[in-house]
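Overview (structure and organization)
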Amino acid sequence: MATRVPILILGGGIIGTSVAWALAARGVRGIEVVDLDLAGVYASSELNAGGVRATWWQPVNVECCRLTLDFFRAHAAEFGFRERGYLWLYADAALWERALEKRTLQNAFGLGVEALAPFELWARFPLLDRGREEILGATFSPRDGLVNPNAVRAFFRREAERQGVVFRNRHYVSGIATARVAGRAGSLRRVSEVDVVEVARGDPTDADGTVREILTSHHVAPAEQVSESRLAPDVVVNCLGAWSSVLLAKIGVRDVAEPVRRQISLVDVHASDLPAGVDPSTLGMIVDASGLYFHPEGPHVLAGYSIPHEAPGFDFGYDGETFFEAEIWPRLAHRASAFERCGHVRGWAGLYDVTPDRSGIAGAVAGFANLFEARSFTGRGVMQSYAIGRAMAGLVAGGRFEEVDLAPLARDRFDDPARWVTEDLHI
Ligand SMILES: Cc1cc2nc3c(=O)[nH]c(=O)nc-3n(C[C@H](O)[C@H](O)[C@H](O)COP(=O)(O)OP(=O)(O)OC[C@H]3O[C@@H](n4cnc5c(N)ncnc54)[C@H](O)[C@@H]3O)c2cc1C
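Fair warning: this is a prediction, and the values are worked out from it, not measured in the lab.

Calculation rules
- Residues numbered from 1 in each chain as written.
- Predicted model: local features only at pLDDT ≥ 70, side-chain atom pairs only at ≥ 80, totals over all residues.
- Heavy atoms only, no water.
- Core = buried A, V, L, I, M, F, W, Y, C linked by side-chain atoms within 4.5 Å.
- Buried < 20%, exposed > 50% of the residue type's maximum accessible area, 1.4 Å probe, protein only.
- Helix = DSSP H or I, 4+ residues; strand = E, 2+ residues; numbered from the N terminus.
- Contact = heavy atoms within 4.5 Å.
- Polar contact = N/O pair within 3.5 Å; in protein donor to acceptor, adjacent residues only side chain to side chain.
- Expected span 1.5 Å × (residues − 1).
- Pairing = 2+ DSSP bridges.
- Axes fitted to C-alpha atoms, helices over the stretch in contact; angles between N-to-C directions.
- Near = heavy atom within 4 Å.
- Areas by Shrake-Rupley, 256 points an atom, 1.4 Å probe, with all protein chains shown as cover.
- Nonpolar A, V, L, I, M, F, W, Y, C, P; charged D, E, K, R; others polar.
- pLDDT = per-residue confidence, 0-100.
- Patch = residues over 30% accessible without salt bridge, like charges linked within 9 Å, V, L, I, M, F, W, Y side chains within 5 Å.
- Salt bridge = Lys/Arg side-chain N within 4 Å of Asp/Glu carboxyl O.

Things to note about the nonpolar core
- Counting residues in hydrophobic clusters, the biggest one holds 77 residues, and the most contacted among them are Ile9, Leu23, Ile31, Phe72, Val237, Met392 and Leu406.
- Here this core takes 10 residues from helix H9 (residues 381-398), the largest share from any one element.
- The residues contacting Ile9, other than those within four sequence positions of it, are Gly16, Val19, Ala20, Leu23, Ile31, Glu32, Val33, Val34, Val237 and Cys239.
- Leu87, Leu89, Leu116 and Leu127 belong to the second largest nonpolar core, which has 29 residues in total.

See the structure below:
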């Protein structure tokens, strides 16, 4: 016998937790969040770089991030929000031209983005004393910055729990059964250790399709025992991040997003190597439009680089010294002599869930009356988290997006390239 759950959120990363809190804050009750690991060992929300900016190229992304950054600003001490800006360096003429063009849009949103000529850049950022001849200019957005994503997620969860949301840890979503409203509920059939398929599903093009049951498996004491739960949700919200497509494949919904590995290194800089007067702890995010980014992180510097054409897959392997030596150190040293002797501390890898236009997917899943999704926010999930939660709560509980209109992020935009929400400067 399945247990009825009014609102079931799949995935307790920063997005699922934000949606849960936003729904609870509206007075919705009966919300449960299931996650295979709320500690987030494989969750992007625990493995990211903590950079937050509103300076995107598409209005929906600017709006979501602006609203979220305002929220971070209002809780700056608790979230470790540091408004230290994003500095983008441009060495490519076409990109620089586009950046100046998009600055007009960004400043129409009140973001106060500055365009810096090289001489202004060197005067304000003396750390950047290498490769100067290549740089055509830079943009600096003073209201962007850095945040502690774990603190944000902890806040969402604490507030959600205070309002009655139940978080179920170590619950692996292993099956989904769907049916047409008028038809027979699908039955669940185990086919492998971790995989259950549904056998009677609604036609994905049929708006009357309904998710009838979600099957989760979880370990109970003694540890070897696995218990299964059959949950009968009134509404399901898919917030499984990079794993969303695995769920959708079980119900025959075509997906366009792909998980792609991103690696980050922590590096040490010798204080004596810094130019006079440079205090790295006062810096925000510095981005080389070619793909390198770095910012101070406690006593270290956090640096990331997106390897072009990285093959998609669920790869959490950090290439360690090899990655640092081949990708991070030479690029850092190419921009600042202070990094010439920097040391590798450690690093990690996490997943971006990348869509063809590099914007997220949010809204109702066509073909199903009670299935929603908020996922695939590529490298932008933390900085959009608050706004996505609020907007989705409006849709789920009230039938329409609130605070931000997420209609441009509907999944069906991929049917028509003219509707893509393309972000070119995606690191
Ligand atoms: C290296 C790196 C750097 C990044 N840098 C930034 C940045 O600077 N700024 C920024 O805003 N964003 C950044 N991002 C992106 C950001 O981290 C993500 O967009 C965001 O965390 C996505 O949150 P989510 O809740 O959608 O997904 P996740 O945090 O991945 O949560 C999904 C959850 O689903 C659970 N789950 C998966 N499958 C199942 C299942 N079958 N059953 C039960 N539970 C399941 C997982 O355990 C996980 O907790 C970065 C990402 C990476 C990897």
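As for the side chain of Gln384
- Along the polypeptide, Gln384 turns up in helix H9.
- Owing to a relative accessible area of 0%, Gln384 belongs among the buried residues under this scheme.
- Among the polar contacts listed, one links the side chain of Gln384 to the side chain of Asn61, at a separation of 2.9 Å.
- Sequence-distant contacts of Gln384, defined by excluding residues within four places in its chain, comprise Asn61, Cys64, Cys65, Thr68 and Phe377.

What about helix H4 (residues 93-108)?
- Between its first and last C-alpha atoms H4 spans 23 Å; for 16 residues at 1.5 Å apiece the expected length is 22 Å, and the two agree.
- Trp96, Ala99, Lys102 and Gln106 are the residues of H4 that are buried.
- On its buried face, H4 sits against strand E4 (86-90), strand E5 (114-116) and strand E6 (137-141).
- Where H4 begins, the side chain of Asp92 points an oxygen toward the backbone nitrogen of Ala94, at a separation of 3.0 Å.
- Backbone geometry just downstream of H4 places Gly110 in the positive-phi region, at approximately 80 degrees.

Remarks on the sheet that holds strand E18 (residues 343-354)
- Pairing in this open sheet of 8 strands is mixed, and the strands run E5-E6-E4-E15-E16-E17-E14-E18 from one edge to the other. Each edge of the open sheet is held by one strand with a lone partner, namely E5 and E18. Direction aside, neighbouring strands of the sheet carry axes that sit 20 degrees apart on average.
- Contacting E4, E5 and E6, H4 crosses the sheet at an angle of about 155 degrees to E5.
- Most of the contacts of helix H8 (residues 320-335) go to strand E14 (residues 258-268), to which it runs at about 65 degrees, and overall it touches E4, E14, strand E15 (285-288), strand E16 (292-297), strand E17 (300-305) and E18.

With respect to helix H2 (residues 59-74)
- Taking 1.5 Å of rise per residue, the 16 residues of H2 would be expected to cover 22 Å, and the 22 Å separating its terminal C-alpha atoms lies within 8% of that figure.
- For H2, the set of buried residues is Val60, Asn61, Val62, Cys64, Cys65, Thr68, Leu69, Phe71 and Phe72.
- Looking at the buried side of H2, the elements it contacts are helix H1 (14-25), strand E3 (51-52), helix H3 (76-79), H4, helix H6 (149-162) and H9.

Here's the deal with the pairing of strand E13 (residues 225-238)
- In this structure, strand E1 (residues 3-10) lies alongside E13, joined through 7 bridges in parallel fashion. Residue pairing in the sheet places Leu8 in a bridge with Val236 of E13.
- Two elements, E13 and strand E20 (residues 371-375), share 3 bridges in a ladder whose sense is parallel. Looking across to E20, one finds that Asn238 is bridged to Glu373.

Considerations on the site of the ligand
- Neighbouring the ligand are 34 residues, the closest being Asp35, Ser45, Gly51, Val173 and Met383.
- Between an oxygen atom of the ligand and a main-chain N or O atom of Ser44, the distance comes to 3.0 Å.
- Take Val382: an N or O atom from its main chain is 3.0 Å from an oxygen atom of the ligand.
- For the ligand, whose free accessible area comes to 1000 Å², the fraction covered by protein is 97%.
- Every element with two or more residues in the shell around the ligand is listed here: H1, strand E9 (171-180), E14, E18 and H9.
- Here the residues of the shell around the ligand sort into 17 nonpolar, 13 polar and 4 charged.

So, the environment of Asn370
- If you trace the backbone, Asn370 turns up in the loop between strand E19 (361-364) and E20.
- In this structure the C-alpha to C-alpha distance between Asn370 and Ile7, which are 363 residues apart in sequence, comes to 9.7 Å.
- Those residues within four positions of Asn370 in sequence are excluded, and the remaining contacts are Thr210, Val211, Pro233, Asp234, Val235 and Val236.

Re the confidence of the model for the protein chain
- A residue-level look at the protein chain finds 92% of positions with pLDDT of 70 or above and a mean pLDDT of 91.
- Here residues 181-203 scores under 50 on pLDDT; set against residues more than four positions off or in separate chains, the count is 58 contacts.

Brief notes about the side chain of Glu32
- Position of Glu32 relative to the elements: it lies in strand E2 (residues 31-34).
- Residues in contact with Glu32, not counting those within four places in the same chain, are Val5, Ile7, Leu8, Ile9, Val166 and Arg168.

Topic: a nonpolar patch on the surface
- On the surface, a cluster of nonpolar side chains totalling about 460 Å² of accessible area is made up of Val41, Tyr42, Trp243, Val246 and Phe314.
- Turning to its location among the elements, Phe314 is positioned in the loop between E17 and H8.
- Phe314 sits in the partly exposed class, given a relative accessible area of 41%.

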